[in-house]
Amino acid sequence: MVEATEFPQWAEENAVYAVPRTIIRLGRGPSGAIEGAVSEDYLIRTLKNIIEQGR
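In this text, all values refer to a predicted model and were calculated from it rather than measured experimentally. (Residues numbered from 1 in each chain as written. Predicted model: local features only at pLDDT ≥ 70, side-chain atom pairs only at ≥ 80, totals over all residues. Heavy atoms only, no water.)

## Notes on the pattern of salt bridges
In this structure the tally under the stated criterion is one salt bridge. R21 is the salt-bridge partner of E35, the closest N and O atoms lying 2.0 Å from each other. Here E35, found in strand β2 (residues 30-35), pairs with R21, found in strand β1 (residues 21-25); they are 14 residues apart in sequence, far enough to count as distant. Taking relative accessible area as the criterion, R21 reaches 25% and is therefore assigned partly exposed. (Salt bridge = Lys/Arg side-chain N within 4 Å of Asp/Glu carboxyl O. Helix = DSSP H or I, 4+ residues; strand = E, 2+ residues; numbered from the N terminus. Buried < 20%, exposed > 50% of the residue type's maximum accessible area, 1.4 Å probe, protein only.)

## Quick look at the environment of N49
Along the chain, the position of N49 falls in helix α2 (residues 40-54). The spatial distance from the C-alpha of N49 to the C-alpha of E3 is 26 Å, given a sequence separation of 46 residues.

## Side note on the confidence of the model for the protein chain
Mean pLDDT over the protein chain: 84, with 95% of residues reaching 70 or higher. Within the protein chain, no element has a lower average pLDDT than β2, which sits at 81, and none a higher one than α2, at 89. (pLDDT = per-residue confidence, 0-100.)

## Points about the packing of aromatic side chains
The tally for this structure, following the rule as stated, stands at one aromatic pair. Ring centres 5.0 Å apart and planes at 15° place the aromatic pair F7 and W10 in the stacked group. W10 sits in the partly exposed class, given a relative accessible area of 45%. (Phe/Tyr/Trp six-rings, centres within 6.5 Å; stacked < 30°, edge-to-face > 60°.)

## What about a nonpolar patch on the surface?
Judged by side-chain polarity, V2, F7 and W10 come together as a nonpolar surface patch covering roughly 290 Å² of accessible area. Of note, F7 is situated in the segment before α1 (8-13). Overall, F7 belongs to the partly exposed group, its relative accessible area being 36%. (Patch = residues over 30% accessible without salt bridge, like charges linked within 9 Å, V, L, I, M, F, W, Y side chains within 5 Å. Areas by Shrake-Rupley, 256 points an atom, 1.4 Å probe, with all protein chains shown as cover.)

Next up, the structure:
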């Protein structure tokens, strides 16, 4: 977890405009992001989809 106000460059690079914003990285670049507070089920489904697409 990163506080956007403490790391404004990272926030800008990752287009953080709303919080929470969960950024998923596979390798060097962002692979996906989730905006807002979401259920555990939604988070897990999204993570699985991103991982499968990255293979």
